[in-house]
Amino acid sequence: MSDITHEEAHTGPIKTPKQLFWVSVGAFVLPVFIIIGLVYFVTTSNKLAPGATDVERGIAERLQKIGTVEVRDANRPLVAGAEVYKAQCAACHATGTAGAPKFEDTAAWAPRIALGFDTLVQSALKGKGGMAPQGGGNFTDTEIARAVAYMANAAGAKFTEPAAPAAGGSAAASAEAAPAPAAAAAPAAAPAATPAPAAPASAEAAPAAAAPAAATAAVDPAVGKALYDKSCVACHGAGVAGAPKFGDKAAWAPYLATGIDTMLKVAITGKGAMPPRGASTATDDELRAAIQYMADAAK
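This one's a predicted model, so the numbers in the text were calculated from it and none came from an experiment. (Residues numbered from 1 in each chain as written. Predicted model: local features only at pLDDT ≥ 70, side-chain atom pairs only at ≥ 80, totals over all residues. Heavy atoms only, no water.)

Student: Would you mind showing me how to read the overall build of the protein here?
Tutor: Summing up its helical and strand segments, the protein has 14 helices and zero strands in all. Classification of the 299 residues of the protein by burial places 21% in the buried group. Carbon together with sulfur atoms contributes 65% to the accessible area of the protein, which is approximately 20,100 Å² in total. (Helix = DSSP H or I, 4+ residues; strand = E, 2+ residues; numbered from the N terminus. Buried < 20%, exposed > 50% of the residue type's maximum accessible area, 1.4 Å probe, protein only. Areas by Shrake-Rupley, 256 points an atom, 1.4 Å probe, with all protein chains shown as cover.)

Student: Whenever I open this one, the pattern of salt bridges confuses me. Can you help?
Tutor: Oppositely charged side chains can form a pair if their charged atoms are brought close together. According to the stated counting rule, one finds four salt bridges in the structure shown. The shortest N-O distance in the salt bridge between Asp261 and Arg288 comes to 3.0 Å. With Asp261 in helix α13 (residues 260-269) and Arg288 in helix α14 (residues 284-297), this pair connects stretches of sequence that are 27 residues apart. By relative accessible area, which is 23% here, Arg288 ends up partly exposed. (Salt bridge = Lys/Arg side-chain N within 4 Å of Asp/Glu carboxyl O.)

Student: Got a minute to help me understand the packing of helix α4 (residues 81-93) against helix α7 (residues 141-154) in this structure?
Tutor: Between two packed helices, what matters for the description is the angle formed by their axes and the separation of those axes. Contact geometry of α4 with α7 gives a least axis separation of 9 Å together with a crossing angle of 75 degrees. With respect to α7, the axis of α4 lies roughly perpendicular. Contacts between α4 and α7 involve Gly81, Ala82, Val84, Tyr85, Gln88, Cys89 and His93 from the former and Glu143, Ile144, Arg146, Ala147, Tyr150 and Met151 from the latter. (Axes fitted to C-alpha atoms, helices over the stretch in contact; angles between N-to-C directions. Parallel < 35°, antiparallel > 145°, perpendicular 65-115°, else oblique. Contact = heavy atoms within 4.5 Å.)

Student: Please explain the UniProt feature "transmembrane region" (unreviewed entry) in the protein as it appears in this structure.
Tutor: Per the UniProt entry, the sites bearing "transmembrane region" (unreviewed entry) are residues 20-42 in this numbering. Between the C-alpha atoms that bound residues 20-42 there is a distance of 33 Å. The span itself is 100% helix and 0% strand. (UniProt positions renumbered as here; feature names shortened; annotations may be inferred.)

Student: I'm lost on the packing of aromatic side chains in this one. Help?
Tutor: For any pair of aromatic rings, the description consists of the separation of the ring centres together with the inter-plane angle of the planes. In total, this model carries nine aromatic pairs according to the counting rule given. When the centroid spacing of 5.2 Å and the interplanar angle of 45 degrees are considered together, the rings of Phe117 and Phe159 count as tilted. Here Phe159 lies in the loop between α7 and α8 (169-177) and Phe117 lies in helix α6 (residues 117-126), a separation of 42 residues in the sequence. When its relative accessible area of 18% is taken as the criterion, Phe117 is described as buried. Joined through ring pairs, the aromatic side chains of Tyr85, Phe103 and Tyr150 make up one cluster. (Phe/Tyr/Trp six-rings, centres within 6.5 Å; stacked < 30°, edge-to-face > 60°.)

Student: Would you mind going over a nonpolar patch on the surface with me for this structure?
Tutor: On the surface, Phe28, Val29, Val32, Phe33 and Ile36 cluster together into a nonpolar patch covering about 530 Å² of accessible area. Relative to the elements of secondary structure, Val29 occurs in helix α2 (residues 17-43). Using a relative accessible area of 38% as the deciding quantity, one classes Val29 as partly exposed. (Patch = residues over 30% accessible without salt bridge, like charges linked within 9 Å, V, L, I, M, F, W, Y side chains within 5 Å.)

Student: Looking at this structure, how should I read the environment of Leu125?
Tutor: The residue Leu125 is located in helix α6 in this model. C-alpha of Leu125 to C-alpha of Ile144: the two residues are 19 residues apart in sequence and 7.4 Å apart in space. Those residues within four positions of Leu125 in sequence are excluded, and the remaining contacts are Pro133, Gln134, Asp141 and Ile144.

Student: Sorry, what's going on with the state of the cysteines here?
Tutor: Defined simply, a disulfide is a covalent bond joining two cysteines at their sulfur atoms. For the coordinates displayed, the defined rule picks out zero disulfides. Cys92 carries a free sulfur, and the closest cysteine sulfur to it, the one in Cys89, is 9.0 Å from it. Taking the relative accessible area as the measure of exposure, Cys92 reaches 34% and is therefore partly exposed. Lacking any disulfide linkage, Cys232 is separated from the closest cysteine sulfur, that of Cys235, by 9.0 Å. (Disulfide = S-S within 2.5 Å.)

Student: Would you mind showing me how to read α13 here?
Tutor: Structural remark: α-helix, 3.6 residues per turn; residues separated by three or four positions point the same way. For α13, the complete set of buried residues consists of Met263, Leu264 and Ala267. All buried residues of α13 fall inside an arc of 105 degrees around its axis, so they share one side. For α13, exposure combined with an orientation more than 90 degrees from the buried face picks out Lys265 and Thr269. Here the buried face of α13 lies against α12 (249-258) and α14. Note on α13: the residue one or two positions beyond its end, Gly270, has a positive phi of about 90 degrees. (Arc of directions from axis to C-beta.)

Structure (structure tokens):
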């Protein structure tokens, strides 16, 4: 009897394999899950305060930082095109990543060089395809243009790397242009001395003469070609993103059927992949001239 009592005194609470299994789970597995849960709770950055409402949530989201302000030294020396290429452009152009024309690949650069230096620079500044605006870097527009010239020249172009823009260039141009209105005012004052009967005739003739002049300026082929070469050729030159290709009669036929006025409205508001005004600052008359220039080439 004493032996049985002594054996029971040394027996623990675990008497079966099933009890041993559950004790093991509770002692090892459960603490692991508790620790994981605590770590997730502490490290997560999207916790809401207890009792937060939708209004408070919206206010918190609107107060989040959405951008940064970077101050650049406008007087620092311009970076050479080769340095801009090494620091920024080589990431894609050195290997031809994401469709970028490979550095020194004459065949890949030839059709792009044919578009002209200004068109290439605009594509680099605004972004195109997989390339972000300005290549996603921190260089100035002039430095980006220098890099474009450097890469194009390595593939056979003869572009000149642009220099720093003159600080007083625009002011000097304005000063030179200022006397012109004053000089033009002198001849305009002469008709005031003409007899009274001639005045109505002059008044009637002025609007009649002004209307043809305005119409001519609106559809001036030179103005249209200049805007096309600057902005429109990026898409219409090769038919990018569904744009009717320059000179392609079949592609332009349905657009020509709608009339110049309708095409002008589409150009002003934008359509599909084309942004309003083709991402340019052109006036309505300049846009009309560019549309007329492209339309005439497809007739």
